[in-house]
Each structure stands twice: as C-alpha cells, then as structure tokens.
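Results of the structural survey
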Amino acid sequence: MNPSETSRYVRLRVDLVLEVPDPDALTGAALAHIKADEFMPDEERGHAEAAVREDESEALAYLVDPTDLVVDIPGVELAQASWSSEPVEYDPESMEWDLDEEDGDFDQEDDNA
C-alpha cells in the first residue's frame, strides 16, 4: 500500500481499572477541580458537584482527561476523543480481566476475518 492508500487516522484504545481506596479524597479533588473551572457555567457546576458526590466514577471522569496523553506528541493532531467512567465488579483472578489473553483473542479474530 502506498501512503495515499493508507489511513492517516489511528484509533488508540486504553482500558484502565482503578481501585479507589479513599473515595473522600477522590471526591474532594474532583470538587476542587470543578470549583476552580472558571469556564463552567453555574448551572452546570451544580449538576457536576451533585454527580461527583453521588458516584466516584463521575469524580474520576472530572479529573482524568485522556487527551492529555497525546497533546504533546509530535506529528499528531487529535481528531476526536470520548471517554467514560463507570463502576465495575473486578476480580483479578477472573479470565475476563486477563488483558493479555484478550489481546491474543482479538488478534486471532482479525486474522479470520
């Protein structure tokens, strides 16, 4: 394939599972972040604060911006980004959470397509 036939776009997928041993610290940091955001409208600020107080995954979503991962990479422009955060049941011993195995299965599926 020559360069004109190759896509200039790359999808980067990152999946993290985080433990929250101190939810009060997480919530406090998110509330401070929201309070310091001078561009957030007051109506949205109230909604954000309520969401953060109810759900640690919401607090995390206000603190983590995955676009920060690529902003300083030379030769790359961010075309689109989205992310979400949700509570999950996690068992590190479960095959469901074996990320290396998942990568192998994914590669095999691509080869059969």
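Residues numbered from 1 in each chain as written. Predicted model: local features only at pLDDT ≥ 70, side-chain atom pairs only at ≥ 80, totals over all residues. Heavy atoms only, no water.

**Comments concerning the overall build of the protein chain**
Counted only if it meets this: In this description a helix means any DSSP run of H or I spanning at least four residues, a strand means any run of E spanning at least two, and both kinds are numbered starting from the N terminus. Partly exposed residues are those whose accessible area sits between 20% and 50% of the maximum for their type, while under 20% is buried and over 50% is exposed, using a 1.4 Å probe and protein chains only. Only heavy atoms matter for contacts: two residues are in contact if any of them lie within 4.5 Å across the pair. Only the protein chains shown count as covering a residue, and every accessible area follows the Shrake-Rupley method with a 1.4 Å probe.
Along the backbone of the protein chain there are four helices and zero strands. The linear arrangement of helices and strands in the protein chain, starting from the amino end, is α-α-α-α. The buried share of the protein chain, reckoned over its 113 residues, is 12%. Sequence-distant contacts in the protein chain: of pairs separated by 6 or more residues, those separated by 24 or more amount to 44%. Of the accessible surface of the protein chain, which amounts to about 10100 Å², a share of 48% is contributed by carbon and sulfur atoms.

**Remarks on the layout of surface pockets**
The gaps left among the atoms become clear once a water-sized probe is rolled over them. This is how it is decided: Think of a 1 Å grid over just the protein atoms. A cavity is a set of points where a 1.4 Å probe fits yet cannot get out, a pocket is an open set with protein on both sides within 12 Å along at least five of seven lines, and lining residues have an atom within 4 Å of a point. Grid points are joined across faces, edges and corners, and a volume is the space filled by probe spheres set on the points. As a working rule, the residues Ala, Val, Leu, Ile, Met, Phe, Trp, Tyr, Cys and Pro are called nonpolar, Asp, Glu, Lys and Arg charged, and the rest polar, with Gly in that last group.
The computed volume of the largest pocket comes to approximately 1900 Å³. For the largest pocket, the lining is made up of 42 residues, of which Leu12, Val14, Pro66, Ser82 and Trp83 are closest to its centre. Of all the elements, helix 3 (residues 56–63) adds the most residues to the lining of the largest pocket, at four residues. Considering only residue class, the lining of the largest pocket consists of 26 nonpolar, seven polar and nine charged.

**Observations concerning a nonpolar patch on the surface**
Basically, it comes down to this: Residues forming no salt bridge and having over 30% relative accessible area are the ones grouped into patches, like charges within 9 Å of each other and nonpolar side chains (Val, Leu, Ile, Met, Phe, Trp, Tyr) within 5 Å. A pair is scored as a salt bridge if a Lys or Arg side-chain nitrogen falls within 4 Å of a carboxyl oxygen belonging to Asp or Glu.
On the surface, Leu12, Val14, Leu16, Leu18 and Leu69 cluster together into a nonpolar patch covering about 560 Å² of accessible area. Structurally, Leu69 can be placed in the loop between helix 3 and helix 4 (99–112).

**Some remarks on the side chain of Arg45**
Which entries qualify depends on this criterion: Pairs of N or O atoms within 3.5 Å make up the polar contacts considered here, provided that, within protein, one atom can donate a hydrogen while the other can accept it, and that residues adjacent in sequence are counted only when both atoms are side-chain atoms.
Summarising the element assignment, Arg45 is placed in helix 2 (residues 42–54). A distance of 2.5 Å separates a polar side-chain atom of Arg45 from the backbone oxygen of Ile34.

**Description of the packing of helix 2 against helix 3**
We apply this condition: Comment: axis = line fitted to C-alpha atoms, over the contacting stretch for helices; angle = value between 0 and 180 degrees taken between N-to-C directions. When describing relative orientation, an angle under 35 degrees is termed roughly parallel and one over 145 degrees roughly antiparallel, while 65 to 115 degrees is termed roughly perpendicular and anything else oblique.
The geometry of helix 2 relative to helix 3 is characterised by a closest axis approach of 5 Å and an angle of 125 degrees between their N-to-C directions. The angle between helix 2 and helix 3 falls in the class oblique. In this structure, helix 2 uses Ala48, Ala51, Val52 and Glu54 to contact helix 3, whose residues at the interface are Glu56, Glu58, Ala59 and Tyr62. Counted by class, the contact of helix 2 with helix 3 contains five nonpolar, no polar and three charged residues.

**With respect to the nonpolar core**
Generally speaking, nonpolar side chains in soluble globular proteins are found buried as a group. For clarity, the threshold we go by: By nonpolar core is meant a set of buried Ala, Val, Leu, Ile, Met, Phe, Trp, Tyr and Cys residues that side-chain atoms within 4.5 Å join together.
Leu26, Ala30, Leu31, Ile34, Met40, Ala48, Val52 and Ala59 form the largest nonpolar core, which has eight residues in total. When residues of this core are traced back to their parent elements, those giving at least two are helix 1 (23–36) and helix 2. For this core, the leading source of residues is helix 1, giving four residues. Once residues lying within four places of it in the same chain are set aside, the contact partners of Leu26 are Val20, Glu56, Ala59, Leu60 and Leu63.

**Digging into helix 1**
Filter applied, for reference: Multiplying 1.5 Å by the residue count of a helix minus one yields the expected span of that helix. As used here, the arc is the angular range of directions from the helix axis to the C-beta atoms.
Over its 14 residues, helix 1 extends 20 Å from the first C-alpha to the last, a length consistent with the 20 Å expected when each residue adds 1.5 Å. Restricting attention to buried positions, one finds in helix 1 the residues Leu26, Thr27, Ala30, Leu31 and Ile34. All buried residues of helix 1 lie within an arc of 130 degrees about the axis, which places them on one face of the element. Among the exposed residues of helix 1, those oriented more than 90 degrees off its buried face are Asp24, Lys35 and Ala36. Looking at the buried side of helix 1, the elements it contacts are helix 2 and helix 3.

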